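Take a look at the letters that make up each chain.
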Amino acid sequence: MKAVSGDLTDPKARASYETLYDACPTAFVQQSADWAEVIGPIGPALPRFLVCLDGEDLVAGLPLYLYRGPGGAVLVSVPQAGPFGGILIRPDLPERARLEAYGVLVEAALEAARGEGCLALTVMTNPFAPDLALYETLLSPDFVLESYTQFLRLDAPAHRSHGHRSNLNRARKSGLAVSFSGDARELGEWLSIHRERHSALGLDPLPARLFENALHVLAPRDRARLLLVRKGERIVSGGFYMRHRDLVDVYMLSTSGEGMEMAANFLNSDHSMASFREAGARVYHWQSSPGRASGVYQYKKQWGSEERPYHFLTRLLVDRKKIQELGPEGVRRGYPGHFVVPFAAFEKGFDAKYFRKE
């Protein structure tokens, strides 16, 4: 086996990568070549996709992005918000070949990062394709940050709380209308709700251009949908969903103050689950939460969600002092939307290897 650069500007190479991607039922849209189109104008991160060939057959791939910050470059598997997924691999590949493909791609990623003079290489795992042990052996990471996400199995019986049922009944009695939309004007109206809600929570809203690009690039390819809930003419809830085969990603769900009083998000979530289940999806992925005590986490828990870990694995390629000198604020300002090292390393010390989001 050998690893080569997957040139996304070459239609043939891109089509080959997409064939591999389409063969992986629990891959994230963030691992697709389409995602490079979505985030390209926001970046500036350069796609550096790697693919693994077994003879003439493409059997695995690793989407990577190069970002040049003020302290030096970093190479990460998925930048921007909602990053999930590292190596894609054909599900029918025998175990021995699978291990070889991982080894080839990790070594090629390290070589590429060193060639660009990177501070670090970071690969994120897919919570639905557990491969942490493989990465730990092959990448020898200096840092491993464990986070967690929540999901529902759309093809299994639901176990929902009493509070959930009450909220959903309240929403159904509130005279709300639900519909999918691809309209840029309606997207803009919902994004004003998203900004207001995030500001109230003390969080930075995601850039409008990210959603605008995603709707423009992904929606015509049936990989993204905007679901809106209205009270009369007013939008009171919006959910931005991305889907690839078995996996639905709840990329963002936001409601107005009026919508919260009517439990509009419950209607949004319920309608989206029914719609994607009917379309053949099996996993409803909520994305991560600020913490287990947060209202966001508890909202997802009401639906009977399960929790699963995923990881950020970082291999340092320079003396750690170079990154320590940047400090956490230097990393935030100089590398927006791009992982460098766990922020906890600045607090707990760079000698620690394992960190966990509580």
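Residues numbered from 1 in each chain as written. Predicted model: local features only at pLDDT ≥ 70, side-chain atom pairs only at ≥ 80, totals over all residues. Heavy atoms only, no water.

Turning our eyes to something else, we now look at the overall build of the protein. Along the backbone of the protein there are 13 helices and 16 strands. Expressed as a percentage of its 358 residues, the buried residues of the protein come to 54%. Total accessible area computed for the protein in this model is approximately 15,600 Å², and 50% of it derives from carbon and sulfur atoms. Across the protein, 43 positive and 42 negative side-chain charges occur, with their mean positions spaced 5 Å apart. (Helix = DSSP H or I, 4+ residues; strand = E, 2+ residues; numbered from the N terminus. Buried < 20%, exposed > 50% of the residue type's maximum accessible area, 1.4 Å probe, protein only. Areas by Shrake-Rupley, 256 points an atom, 1.4 Å probe, with all protein chains shown as cover. Lys, Arg positive; Asp, Glu negative; His and termini not counted. Charge placed at Lys NZ, Arg CZ, Asp CG, Glu CD.)

Within the largest apolar cluster, 65 residues are counted, with the highest numbers of intra-cluster contacts made by Trp35, Trp190, Phe211, Leu218 and Phe240. Among the elements that make up this core, the one with the highest residue count is helix H7 (residues 208-218) (six residues). With near-sequence residues (within four places) excluded, phenylalanine 240 lies in contact with Trp190, Phe211, Ala214, Leu215, Ala224, Arg225, Leu226, Asp249, Val250, Tyr251 and Met252. The next biggest cluster of nonpolar side chains, apart from the first, holds 30 residues, and it includes Ala97, Ala101, Ala109 and Tyr135. (Core = buried A, V, L, I, M, F, W, Y, C linked by side-chain atoms within 4.5 Å. Contact = heavy atoms within 4.5 Å.)

The next thing to look at is the sheet that holds strand E3 (residues 50-54). Hydrogen bonds between backbone atoms are what pair the strands of a sheet, whose relative direction is either parallel or antiparallel. Read across the open sheet, the four strands follow the order E1-E3-E4-E7; overall the sheet is antiparallel. Two strands lie at the open edges of the sheet, namely strand E1 (2-5) and strand E7 (88-89), each paired on one side alone. Strands in contact with helix H1 (residues 11-22) are E3, strand E4 (57-62) and E7; relative to E4, the strand with the most contacts, it is inclined by about 80°. (Pairing = 2+ DSSP bridges. Axes fitted to C-alpha atoms, helices over the stretch in contact; angles between N-to-C directions.)

We now examine the environment of aspartate 246. Summarising the element assignment, aspartate 246 is placed in the loop between strand E12 (234-244) and strand E13 (247-255). A sequence separation of 23 residues divides aspartate 246 from arginine 223, and the C-alpha atoms of the two residues are 12 Å apart. Setting aside its immediate chain neighbours within four residues, aspartate 246 contacts Pro25, Thr26, Gly280, Ala281, Arg282 and Val283.

Before going further, it helps to examine the packing of aromatic side chains. Applying the stated criterion to the full structure yields 27 aromatic pairs. Ring centres of tryptophan 35 and tyrosine 251 lie 5.9 Å apart, and the angle between their planes is 70°; on these two criteria the pair is classed as edge-to-face. Pair noted here: tryptophan 35 is in helix H2 (residues 33-39) and tyrosine 251 is in strand E13, with a separation of 216 residues, a long-range link. Relative accessible area serves as the criterion here: at 0%, tryptophan 35 is assigned to the buried category. Residue class for tyrosine 251 comes out buried when judged on its relative accessible area of 6%. With centroids separated by 6.2 Å and ring planes inclined at 50°, the aromatic side chains of tryptophan 286 and tryptophan 303 adopt a geometry described as tilted. Taken together, the residues tryptophan 286 in strand E14 (residues 283-287) and tryptophan 303 in the loop between helix H10 (295-302) and strand E15 (306-316) connect sequence positions 17 residues apart. The same class applies to tryptophan 286 and to tryptophan 303, which are both buried. Lying over the aromatic face of tyrosine 148, arginine 292 brings its terminal NZ or CZ to 3.9 Å of the ring centre. Between the NZ or CZ atom of lysine 357 and the centre of the ring of tyrosine 148, over which it lies, the distance is 5.2 Å. (Phe/Tyr/Trp six-rings, centres within 6.5 Å; stacked < 30°, edge-to-face > 60°. Lys NZ or Arg CZ within 6 Å of the ring centre and 35° of its normal.)

Backbone phi values are negative for most residues with the exception of glycine, while trans is the configuration of most peptide bonds. One non-glycine residue, glutamine 80, lies in the positive phi region at around 70°. Here glutamine 80 lies in the loop between strand E6 (72-76) and E7. Residue classification places glutamine 80 among the buried positions, given a relative accessible area of 13%. The backbone phi angle of serine 140 is positive, close to 50°, even though this residue is not glycine. Assessed through its relative accessible area of 41%, serine 140 is described here as partly exposed.

Right, let's talk about the state of the cysteines for a bit. Cysteine pairs can be linked by a disulfide, which is a covalent bond between their two sulfur atoms. For the structure on display, the rule yields zero disulfides. Take cysteine 24: it sits in no disulfide, and the sulfur closest to it among the cysteines is that of cysteine 52, at 13 Å. Taking relative accessible area as the criterion, cysteine 24 reaches 7% and is therefore assigned buried. (Disulfide = S-S within 2.5 Å.)

With that settled, consider the environment of alanine 108. Structurally, the position occupied by alanine 108 is in helix H3 (residues 95-115). Alanine 108 sits 56 residues away from cysteine 52 along the chain, and the two C-alpha atoms are 9.5 Å apart. Ignoring any residue separated from it by four or fewer positions in sequence, one finds alanine 108 in contact with Ala3 and Leu50.

Another aspect to go through is a negative patch on the surface. On the surface, a cluster of negative charge is made up of Asp54, Glu56, Asp57 and Glu100. As for its position among the elements, aspartate 57 is in strand E4. For aspartate 57, a relative accessible area of 44% puts it in the partly exposed group. (Patch = residues over 30% accessible without salt bridge, like charges linked within 9 Å, V, L, I, M, F, W, Y side chains within 5 Å. Salt bridge = Lys/Arg side-chain N within 4 Å of Asp/Glu carboxyl O.)

Now for H1. Given a rise of 1.5 Å per residue, twelve residues ought to cover 16 Å, and the 16 Å separating the end C-alpha atoms of H1 matches this to within 8%. The complete set of buried residues in H1 reads Arg14, Tyr17, Glu18, Leu20 and Tyr21. Buried residues in H1, looked at end-on, bunch into an arc of 155°, giving them a common side. Structural note: H1 exposes Pro11, Lys12 and Thr19 on the side pointing more than 90 degrees away from its buried face. Among the structural elements, H2, E3, E4, E7 and E12 are those in contact with the buried residues of H1. (Expected span 1.5 Å × (residues − 1). Arc of directions from axis to C-beta.)

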